[in-house]
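Listed here are the chains, written in short residue letters.
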Amino acid sequence: MTDVHDPAPLAGAQVELAISGMTCASCAARIERKLNKLDGVAATVNYATERAKVTCPDGLDPQRLVDTVEAAGYGASLPEPEAVEEPEDSARSLGRRLVVSAVLSVPVIAMAMVPALQFAYWQWLSLVLASPVVLWGALPFHRAAWANLRHGAATMDTLVSMGTLAAFLWSLYALLFGTAGVPGMTHPFELTIQPMSGDGSIYLEVAAGVTTFILAGRYFEARSKRRAGAALRALLELGAKDVAVLRDGREVRIPVGQLAVGDLFVARPGEKIATDGVVDEGSSAVDASMLTGESVPVEVGPGDSVVGATVNAGGRLVVRATRVGSDTQLAQMAKLVEDAQTGKAEIQRLADRVSAVFVPVVIALAVATLGFWLVSGGGAAAAFTAAVAVLIIACPCALGLATPTALLVGTGRGAQLGILIKGPEVLESTRRIDTVVLDKTGTVTTGQMALVGVRAADGADDAEVLRVAGALEHASEHPIARAIARGAQEQVGELPAVEGFTNVEGLGVRGTVDGRAVLVGRSALLDELHLPGELAEAKASAEEGGKTAVVVAWDGQVRGVLVVADTIKPTSAEAVAQLRELGLTPVLLTGDNQSVARSVAAEVGIDEVIAEVLPQDKVDVVKRLQAEGKVVAMVGDGVNDAAALAQADLGLAMGTGTDVAIEASDLTLVRGDLRAAADAIRLSRRTLRTIKGNLFWAFAYNVAALPLAAAGLLNPMIAGAAMAFSSVFVVTNSLRLRTFRSAVASAPLK
């Protein structure tokens, strides 16, 4: 019984259960059905995150939910409040089983398939090597099959367990009581079909090989499941770890967890703001792009709100905390990601769906075969040979290879092209995608401010305006100032020295360059100076297009206007065209203002624009599109995109973005090139087609061979050769994915 610390009965609350013991998506469905049978309970079980979200009626004891799950043959627990739960690490255990099983299985398979290796007592060595594989390596399958049996269910685990045990136990019988154990016994190449007793043949290579192949598939699946909670951990790690709090006029450094509402704390230039609050003293520029998607830093002063985890890019701020802990915007975003992940319907694995029908049919056929041969007078040995042959031939050798080999080759090819596919469940989504939602900042655009234009006043020179302004801005840490300084160095080269540099909070900078008193900043900084008509027109035009205009003046006159903006990636228009060729409708989704968004959309060829949205609104937009019947892919790179990436049917994260976005996504585009999104969808669709082709041929082999087995005509050499051919075919078919080519000419090809 799971230890639960006396939870009080709940009144219409939500309970989250940690579930253990699930081995496939059908397990999650079974638990869900059991919980939903309770009066007034609505439950959703997520196989990937191993969590169940349950809505309880008034007065229901949460312990009853735990008991219901345990009665179904699985483990359940109620997480402690505020506890940080780490997902169960089954990948490491499966990895150990896989390595040991592979090392032991290779010689067993080699000796069975190559007569030249069959020395005098080879069969007994095979037994010694195969026994740990079948009894220890396949133990997770045997446990799951037993749990399924107790509840009248059958899954892939049932088929794997029965097939491997049937092959192993019959081999053991043939060695101990038949003629297979005599010295010098070999498996000859006799491709004949005739009735036989079967007690002179062993099937240890089948038992060991299937176990190893299926373990490989489960291992890679478990590795992808481990990442399910990584998005939440990455989000929470974004926040500051400690903070300087003002106590009696002195700064005291404390862990951020001890911060209380109403505390005054200090945020120095370059530091993360510890929690949500209101500026009490000072003014600065705050880089909130990771949370809001807004590329231009936000100027804040006394009375303005700031959000935890954003970066203070300018002066010293004293902030009064208004929200701490789970009430902060960062924590709320973490909850959005978690809800989106849990609420996303898991696609049941195709092999499990087919097995739900295939396994009971095979078992029934084996029993019918045994009964037929006994009743017809064929003898007990022939009857059991035929029945066991049915189970052995049904054992999914090629089926075990179908998904992992295609996935390994497909993901390996993707990695060469800068595309990381997280797991097999990702692939089915790509086939149905019809709408692709693109974040703007960092996805369609570079996400960095850059100098895009210089307009000098009559009588002034563009290069001189840029040289003087660049020199002054070079001394500032403001993101816009850095963009101007970088642009000036690239265009005019070395910059002159600055004297008397002063930062005018929230407005700009002033100083002396080449003996001239220079001002660079917002037009409000130059109120007493006249802005010539041509410069006023350039400034208005820039701001109308969503760009930032910076005015330059010296010696009492305005000399020019510099235009700074987040620039569009040179490959974005081509990427949008490629996505359209795949039958997808692109939508631009951004937290930026309408004018910026529409300007960017027009340049890259996107018709539908949704702008000025908050992170929670992005999730709502994805949900709205899904409610309209669309299957949505989301491409983003920021923290503000994480929840939408998790909610979307397919999430693609730019590898140049934040860890949170990458962890919440299904596919990661390492190069940060949007054209890789089209490549990722094409590769995923082709990998899925390969997996389905592999599954078809694997099952076709089983179905075609079952009548021969039931008729008692299955020669073990034919069975071994056919099974080997089936496996070789599946592997060869999967290797064809290595020929996949990127549409991006510059993509690395190997």
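Every value quoted in this text rests on a predicted model; they were computed, and no experiment measured them.

Participant: Could you give an account of the packing of aromatic side chains, with specific residues and numbers?
Facilitator: By the definition in use, this model includes four aromatic pairs. Their ring planes at 35° and their centres at 4.9 Å tell us that W170 and Y173 sit as a pair that is tilted. With a gap of three residues between them, W170 and Y173 both fall in helix α6 (residues 156-176), about one helical turn apart. Assessed through its relative accessible area of 10%, W170 is described here as buried. The rings of W170, Y173 and F177 are connected pair by pair, giving a single aromatic cluster. Residue placement shows R97 over the ring face of W136; its charged tip is 4.9 Å from the ring centre. A cation over a ring is seen here: R516 above W554, with NZ or CZ 4.9 Å from the ring centre.

Participant: Any chance you could break down the UniProt feature "transmembrane region" (unreviewed entry) in the protein chain for me, citing the residues and the numbers?
Facilitator: UniProt tags residues 98-115, 121-139, 159-182, 202-220, 354-375, 381-409, 694-711 and 717-735 as "transmembrane region" (unreviewed entry). Its end C-alpha atoms 27 Å apart, residues 121-139 is made of 89% helix and 0% strand. This span, residues 694-711, is 94% helix and 0% strand, and a straight line between its end C-alpha atoms measures 27 Å.

Participant: Quick one: what's the story with helix α20 (residues 594-604), residue by residue and with numbers?
Facilitator: When α20 is considered as a whole, its buried residues turn out to be V596, A597, V600, A601 and V604. Taken around the axis of α20, the buried residues stretch over an arc of 125°, which confines them to a single face. Exposed and oriented more than 90 degrees from the buried face of α20 are A602 and E603. Buried residues along α20 sit in contact with α15 (440-444), β16 (445-456), β21 (557-568), α19 (572-581), β22 (585-589) and β23 (608-610).

Participant: Run through the sheet that holds strand β17 (residues 498-504), naming residues and quoting values.
Facilitator: Strand order in the open sheet formed by six strands is β16-β21-β20-β19-β18-β17, and the pairing between neighbours is antiparallel. Two strands bound the open sheet, and with one partner strand each, they are β16 and β17. Each neighbouring strand pair of the sheet contributes to a mean axis angle of 20°, computed without reference to strand direction. Bridge analysis of strand β20 (residues 548-554) against β21 gives seven bridges, and the strand direction is antiparallel. Paired with A549 across the strands is V563, a residue of β21. Along the sheet face, helix α17 (residues 479-492) touches β16, β20 and β21 and points at about 65° away from the line of β16.

Participant: Can you break down the pattern of salt bridges residue by residue, with the values?
Facilitator: For the structure shown, the criterion picks out 19 salt bridges. The partner of D276 in a salt bridge is R323, and the shortest N-O contact between them spans 3.0 Å. A residue pair is termed long-range when its members are at least 10 positions apart, and D276 in strand β8 (residues 276-281) and R323 in strand β13 (residues 317-323) qualify at 47 residues. Given the relative accessible area of 37%, R323 is considered partly exposed. One salt bridge in this structure joins E574 and R675, with 3.2 Å as the shortest N-O distance. Taken together, the residues E574 in helix α19 and R675 in helix α24 (residues 675-710) connect sequence positions 101 residues apart.

Participant: A description of the packing of helix α4 (residues 122-137) against helix α5 (residues 139-150) should follow, citing residues and the corresponding values.
Facilitator: Running from N to C, α4 and α5 point in directions that differ by 45°, and their axes come no closer than 5 Å. In terms of axis orientation, α4 runs oblique to α5. Contacts from V134, L135, W136 and G137 of α4 reach α5 at L139, P140 and H142. Of the residues that constitute the contact of α4 with α5, the class distribution is five nonpolar, two polar and no charged.

Participant: Account for the sheet that holds strand β25 (residues 650-654), naming residues and giving values.
Facilitator: Strand order in the open sheet made by the seven strands is β14-β26-β25-β24-β15-β22-β23, with mixed pairing throughout. Strands at the two margins of the open sheet, each flanked by one partner only, are β14 (419-421) and β23. Strand after strand, the sheet turns through a mean of 20° between neighbouring axes, direction not considered. In terms of strand pairing, β22 meets β23 through three bridges, oriented parallel. By the bridge assignment, L589 is partnered in β23 with I610.

Participant: Which residues make up the packing of α19 against α24, and what values do they have?
Facilitator: Axis separation between α19 and α24 bottoms out at 7 Å; the angle between their running directions is 25°. Our classification of the angle between α19 and α24 gives roughly parallel. Between α19 and α24, the residues in contact are E574, A575, Q578 and L579 and R675, A677, A678 and I681, respectively. The residue inventory of the contact of α19 with α24, partitioned by class, reads five nonpolar, one polar and two charged.

Participant: Talk me through the nonpolar core; I want residue IDs and the actual numbers.
Facilitator: Grouped together as the largest cluster of nonpolar side chains are 50 residues, with contacts concentrated most on I202, L204 and V390. Elements supplying a minimum of two residues to this core: α3 (90-113), α4, α6, α7 (204-226), α11 (350-375), α12 (380-394) and α24. For this core, the leading source of residues is α7, giving nine residues. Within the second largest apolar cluster, 39 residues are counted, among which are V436, A575, L582 and L652.

Participant: Give me a nonpolar patch on the surface: which residues, what numbers.
Facilitator: Together, F119, Y121, L125 and V128 make up a nonpolar patch on the protein surface, roughly 390 Å² of accessible area in all. By the element assignment, L125 lies in helix α4. For L125, a relative accessible area of 34% corresponds to the partly exposed category.

Participant: Describe unusual backbone geometry, listing the residues and the values that go with them.
Facilitator: Working note: non-glycine residues mostly have negative phi, and peptide bonds are mostly trans. Positive phi values are uncommon outside glycine, yet A309 reaches one of about 80°. Here A309 shows up in the loop between β11 (305-306) and β12 (311-312). Accessibility expressed as a relative area gives 9% for A309, which makes it buried. Notably, D514 is not glycine yet its phi reads approximately 55°, a positive angle. Relative to the elements of secondary structure, D514 occurs in the loop between β18 (508-513) and β19 (516-521).

Participant: Give a detailed account of the side chain of N312, specifying residues and quantitative values.
Facilitator: Its location among the elements puts N312 in strand β12. Only 2.4 Å separates the side chain of N312 from the side chain of S284, close enough to count as a polar contact.

Participant: Explain the environment of A18 to me, using residue names and the numbers behind them.
Facilitator: Assignment of secondary structure puts A18 in strand β1 (residues 14-20). Residue A18 is classed as buried on the basis of its relative accessible area of 12%. Separated by 35 residues in the primary sequence, A18 and K53 have C-alpha atoms spaced 9.2 Å apart.

Participant: Lay out helix α18 (residues 533-544) with the relevant residues and their values.
Facilitator: The end-to-end C-alpha distance of α18, which contains twelve residues, comes to 16 Å, matching closely the 16 Å that a straight helix rising 1.5 Å per residue would cover. Buried within α18 are the following residues: E534, L535, A538, K539 and A542. Summarising the axial view, the buried residues of α18 lie within an arc of 135°, below the 170-degree limit, and thus occupy one face. Of the exposed residues in α18, the ones pointing more than 90 degrees away from its buried face are G533, E537 and E544. Those residues of α18 that are buried are in contact with β16, β20 and β21. Phi turns positive one or two residues past the end of α18, at G546, with a value near 85°.

About the thresholds
- Residues numbered from 1 in each chain as written.
- Predicted model: local features only at pLDDT ≥ 70, side-chain atom pairs only at ≥ 80, totals over all residues.
- Heavy atoms only, no water.
- Phe/Tyr/Trp six-rings, centres within 6.5 Å; stacked < 30°, edge-to-face > 60°.
- Helix = DSSP H or I, 4+ residues; strand = E, 2+ residues; numbered from the N terminus.
- Buried < 20%, exposed > 50% of the residue type's maximum accessible area, 1.4 Å probe, protein only.
- Lys NZ or Arg CZ within 6 Å of the ring centre and 35° of its normal.
- UniProt positions renumbered as here; feature names shortened; annotations may be inferred.
- Arc of directions from axis to C-beta.
- Contact = heavy atoms within 4.5 Å.
- Pairing = 2+ DSSP bridges.
- Axes fitted to C-alpha atoms, helices over the stretch in contact; angles between N-to-C directions.
- Salt bridge = Lys/Arg side-chain N within 4 Å of Asp/Glu carboxyl O.
- Parallel < 35°, antiparallel > 145°, perpendicular 65-115°, else oblique.
- Nonpolar A, V, L, I, M, F, W, Y, C, P; charged D, E, K, R; others polar.
- Core = buried A, V, L, I, M, F, W, Y, C linked by side-chain atoms within 4.5 Å.
- Patch = residues over 30% accessible without salt bridge, like charges linked within 9 Å, V, L, I, M, F, W, Y side chains within 5 Å.
- Areas by Shrake-Rupley, 256 points an atom, 1.4 Å probe, with all protein chains shown as cover.
- Polar contact = N/O pair within 3.5 Å; in protein donor to acceptor, adjacent residues only side chain to side chain.
- Expected span 1.5 Å × (residues − 1).

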